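# Architecture at a glance
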Amino acid sequence: MFQQLKGLDPDPILGLMAKFRADPHPQKVDLGVGVYRDPSGNTPVLECVTRAEQTILAGQTTKTYIGPAGRAEFNDAVTQLVLGPGHPAVRDRRTVTVQTPGGCGALRVGAELIRAAAAGVRVHVSDPTWSNHVPLLGSSGLRLERYPYYEPASHRLRFAEMLAQLEHASAGDVVLLHACCHNPTGADLDPQQWETLIGLVQRRNLVPFLDLAYQGLSEGLGADAAAVRRIGAAVPEMLLAVSFSKNLGLYRERTGALICIAETAGRADAIRSQVLQIGRSMYSMPPDHGAAIAARIFADPALTSSWHRELEQMRARIDGMRVLLAGQLKTARAEGDFDFLSRQHGMFSLLGVSGQQVALLRERHHVYMTSDSRMNMAGISPENVGYVADAIAAVLRC
Ligand code: LMR
């Protein structure tokens, strides 16, 4: 049976993680996988998470099934957190929220839902986009197309080209958008650009699919959901994948949600039944632990404030490292202008160098980033920034 089966290359991000772990060099620096790191390079368990977890473990009396939609209180709180109070789609009972195994689960269930509803539509994804978007959406059999988004060499958004391409999308096509902290570029649309895009989405009858994996890591929880809220109020139908891997640090607990907005409450009921069936046929039910923690934090004002404080510290540290690296690259006389690092948001930015230069950084200097030169800015620290800047400067001279 397995004689014909070919081995596959490792995943570009997870494969790099393994390479980094295997590297014995004492000064190695991991700017690869997108996880938050504190100044000592550790990915901490948030204090609010530890406190919520302790209460849950002390009071837990059963491990019985939770059901295919996950925790109702988690789903309600996530809908509020993302869409905000008094959102028209919530008021009109046009939303469906189900807990999923991480944001990846939400993207995949969303893709299956699209295929069940309209198998022939195309899904337009940004060029570049997160490397796992293509397998997650493409595995469901949907046709994917790329729209221009960002030019790594000049560090500039290709907004006019993006609009021009989406003008030719067919009515009913889906457009995948990064709600904030674009992965891998760190370059987001400004409010005016979002408005222009919303006008196009409405005029061309496109269905937005928002990926919200970094809420709170750009400007704040409310500000980072502003585009999502605005689009959700402007269009009849929308999908939204939410992840709590980064903003609650629940990476391995696989905690996410899929929110769908339907044209009517009746259609929302139909969507709910489909989504539950899709989840049942893929993984039966989502894992509980992360959602139980998140729900506890959202429901307890003291834990919520602690979360907001910790999230703000993570955001500020990443922004600080952006400024620090840009400055240190100047000191190291690295060829080029790196001020774009301080203007971008979230964990990632593209350095804008070739695959060969990325390989040199890894092989000669033990600085790890993905082959498209994506750097996780949370991997920078006051201790390693000089080493990283010198390594980049040296490679740019090659
Ligand atoms: C990343 O982009 O590095 C993270 O979202 C981790 C992953 O699963 O790829």
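Please read all numbers here as calculations on a predicted model, not as lab measurements.

Thresholds applied
- Residues numbered from 1 in each chain as written.
- Predicted model: local features only at pLDDT ≥ 70, side-chain atom pairs only at ≥ 80, totals over all residues.
- Heavy atoms only, no water.
- Helix = DSSP H or I, 4+ residues; strand = E, 2+ residues; numbered from the N terminus.
- Rg over C-alpha atoms; globule rule 2.2 N^0.38 Å.
- Buried < 20%, exposed > 50% of the residue type's maximum accessible area, 1.4 Å probe, protein only.
- Contact = heavy atoms within 4.5 Å.
- Areas by Shrake-Rupley, 256 points an atom, 1.4 Å probe, with all protein chains shown as cover.
- Lys, Arg positive; Asp, Glu negative; His and termini not counted.
- Charge placed at Lys NZ, Arg CZ, Asp CG, Glu CD.
- Pairing = 2+ DSSP bridges.
- Right-handed = clockwise from strand over helix to strand, strands pointing away.
- Axes fitted to C-alpha atoms, helices over the stretch in contact; angles between N-to-C directions.
- Salt bridge = Lys/Arg side-chain N within 4 Å of Asp/Glu carboxyl O.
- Near = heavy atom within 4 Å.
- Polar contact = N/O pair within 3.5 Å; in protein donor to acceptor, adjacent residues only side chain to side chain.
- Nonpolar A, V, L, I, M, F, W, Y, C, P; charged D, E, K, R; others polar.
- Domains from an automatic or database assignment.
- Buried area = accessible area lost by both parts, 1.4 Å probe.
- Phe/Tyr/Trp six-rings, centres within 6.5 Å; stacked < 30°, edge-to-face > 60°.
- Lys NZ or Arg CZ within 6 Å of the ring centre and 35° of its normal.

### Focus on the overall build of the chain
Looking only at helices and strands, one finds 16 helices and 13 strands in the chain. Taking 21 Å as the expected radius of gyration for a compact globule of 398 residues, we find that the chain reaches 21 Å, a close match to that expectation. Along the first, second and third principal axes, the C-alpha set of the chain runs to 60 × 55 × 55 Å. Residues counted as buried form 54% of the 398 residues belonging to the chain. Across the chain, contacts joining residues at least 24 apart in sequence account for 76% of those joining residues at least 6 apart. By element, 52% of the accessible surface of the chain is carried by carbon and sulfur atoms, the whole surface being about 17600 Å². Positive and negative side-chain charges of the chain, numbering 40 and 39 respectively, have mean locations separated by a distance of 3 Å.

### Quick word on the pairing of strand β3 (residues 122-127)
For β3, the tally of buried residues reaches 5 of 6 residues, placing the bulk of the element in the interior. Two elements, β3 and strand β4 (residues 143-148), share 6 bridges in a ladder whose sense is parallel. The residue of β4 that forms the bridge with V123 is L144. In this fold, β3 hands off to helix α6 (residues 133-138), which returns the chain to β4; that crossover is right-handed. Sheet topology note: the β3/strand β7 (residues 174-178) ladder contains 2 bridges and is parallel. Within β7, the residue paired with V123 across the bridge is V174.

### A look at the sheet that holds strand β10 (residues 255-261)
One open sheet accounts for 7 strands, arranged β2-β10-β9-β8-β7-β3-β4; its pairing is mixed. The two strands at the open ends of the sheet, each matched to only one other strand, are β2 (95-101) and β4. Looking at each pair of strands side by side, their axes are set apart by 25° on average, direction ignored. As paired elements, strand β9 (residues 238-243) and β10 share 6 bridges and run antiparallel to each other.

### What about the side chain of T255?
On the secondary structure map, T255 appears in strand β10. Excluding residues that lie within four positions of it along the chain, T255 makes contacts with F74, T100, G102, S243, F244, S245, L250, G290 and A291.

### Let's talk about the pattern of salt bridges
Enumeration according to the criterion identifies 19 salt bridges in this entry. Measuring nitrogen to oxygen at the nearest pair gives 2.9 Å for the salt bridge that ties R315 to E312. Placement of the pair is R315 and E312 together in helix α13 (residues 301-331), with a separation of 3 residues, close to one helical turn. It is possible to trace a salt-bridge network through shared partners that takes in R71, E73 and D288.

### Points about the site of the ligand
If you check the shell around the ligand, you find I13, V33, G34, W130, N183, Y214, K246, F348 and R374 and nothing else. Between the ligand and G34 there is a distance of 2.7 Å, counted from an oxygen atom to a backbone nitrogen or oxygen. Contact distances for the ligand include 3.0 Å between an oxygen atom and a side-chain N or O atom of W130. Burial of the ligand by the protein amounts to 80% of the accessible area it has alone, namely 260 Å². Of the residues belonging to the shell around the ligand, the class tally is 5 nonpolar, 2 polar and 2 charged. The residues that make up the shell around the ligand include at least three from each of domain 1 (12-44 + 303-396) and domain 2 (52-299).

### Thoughts on the domain arrangement of the chain
What the domain assignment reports for the chain is domain 1 (12-44 + 303-396) and domain 2 (52-299). If you average the C-alpha positions of domain 1 and of domain 2, the two centres end up 27 Å apart. The partner domain 2 presents 30 residues to the 28 residues of domain 1 that form the contact. Overall, the association of domain 1 and domain 2 removes approximately 2300 Å² of surface from exposure, summing both partners, and the carbon and sulfur fraction of that is 64%. Scanning the region where domain 1 abuts domain 2 turns up 0 salt bridges. The set of elements that each furnish at least two residues to the side of domain 1 that touches domain 2 consists of α1 (12-22), α13 and β11 (348-350). Tallying contributions element by element places α13 first for the side of domain 1 that touches domain 2, with 9 residues. Considering only residue class, the side of domain 1 that touches domain 2 consists of 14 nonpolar, 9 polar and 5 charged.

### Structural notes on the packing of aromatic side chains
According to the stated counting rule, one finds 6 aromatic pairs in the structure shown. Ring geometry for F20 against Y368: centres 5.2 Å apart, planes inclined by 90°, an arrangement best described as edge-to-face. Linking F20 in helix α1 with Y368 in strand β12 (residues 367-368), this pair joins segments that are 348 residues apart in sequence. Y368 carries the same exposure label as F20, and that label is buried. Aromatic pair Y214 and F348: ring centres 6.0 Å apart, planes at 85°, arrangement edge-to-face. On the criterion of sequence distance, the pair formed by Y214 in the loop between β8 (207-212) and α9 (221-224) and F348 in strand β11 is long-range, its members being 134 residues apart. Taking relative accessible area as the criterion, F348 reaches 1% and is therefore assigned buried. Members of the aromatic cluster, each reached through a chain of ring pairs, are F74, F244, F298 and W307. If you follow K28 out to its NZ or CZ, it ends over the ring of F20, 4.4 Å from the centre. Above the face of the F348 ring, R374 is positioned so that its terminal group lies 3.7 Å from the ring centre.

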